Amino acid sequence: MSEQKFEKATFAGGCFWCMVKPFETQPGIESVVSGYTGGHTVNPTYEEVCSETTGHTEAVQITFDPEKFSYQDLVEIYWQQTDPTDAGGQFADRGSSYRPVIFYHNEEQRQLAEASKEALQNSGRFKQPIVTEIQPAEPFYPAETYHQGFYKKNAAHYSRYRQGSGRADFIESNWVNQ
């Protein structure tokens, strides 16, 4: 019997509520945790991160089986959940705590993310430059329990938020119908 080897992927793409479902529903995904990363404080709270004083961004950390679902496929899903041309936040959520970042866990992930970003830039899909940052993974702090699996626990609120923030329409017009 072979030993299952999981890897981590960490993505920031605006509000973490909207970043869980697209990944969690894929094969080979062990878990998707909402949390905070990229800052200078230890174990920040939601209120602290939203205050823009910790340097953290909302992110999801995915534990996945690369033999069932590749990192490259995760990156492709990531792009399709974000506006990669907006460094000031994502959709209605503004500020550095909502900035788009791919946090890589090893050199292979860095190379794949960089190549994917370059391919997206060269594709002509967007007229503006692709500004999503690619940075080394930093300590990841899980968010409070009420943020975990929000799309399942608060389906109506999640749906209204996803639509009202502009995310759903952006994805529809820039990814689905292209």
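Everything that follows concerns the structure shown earlier in this document.
What counts as what
Residues numbered from 1 in each chain as written. Predicted model: local features only at pLDDT ≥ 70, side-chain atom pairs only at ≥ 80, totals over all residues. Heavy atoms only, no water. Pairing = 2+ DSSP bridges. Helix = DSSP H or I, 4+ residues; strand = E, 2+ residues; numbered from the N terminus. Axes fitted to C-alpha atoms, helices over the stretch in contact; angles between N-to-C directions. Contact = heavy atoms within 4.5 Å. Salt bridge = Lys/Arg side-chain N within 4 Å of Asp/Glu carboxyl O. Buried < 20%, exposed > 50% of the residue type's maximum accessible area, 1.4 Å probe, protein only.

Caption draft 1: Looking closely at the sheet that holds strand β6 (residues 100–104). Spatially, six strands are ordered β7-β6-β1-β3-β2-β8 in an open sheet, and the strand pairing comes out mixed. Only two strands of the sheet have a single neighbouring strand rather than two, namely β7 (133–136) and β8 (140–142). Strand-to-strand, the axes of this sheet are offset by a mean angle of 35°, without reference to chain direction. Running at roughly 160° to strand β2 (residues 29–37), helix α1 (residues 17–24) makes contact with β1 (7–13), β2 and β3 (57–64) of the sheet.

Caption draft 2: A look at the pattern of salt bridges. This model, assessed by the stated rule, comprises three salt bridges. Two residues, Glu24 and Lys152, come together in a salt bridge whose shortest N-O distance is 3.2 Å. With Glu24 in helix α1 and Lys152 in helix α5 (residues 150–153), this pair connects stretches of sequence that are 128 residues apart. With relative accessibility at 24%, the residue Glu24 sits in the partly exposed group.

Caption draft 3: Looking closely at the pairing of β1. Taken across its seven residues, β1 has five buried, putting it largely inside the fold. As judged from the five bridges shared by β1 and β3, these two strands associate in the antiparallel manner. Considered in β3, the bridge of Thr10 is made with Gln61. When β1 meets β6, the two strands line up antiparallel, connected through four bridges. Bridging from a neighbouring strand, Ala12 pairs with Val101 of β6.

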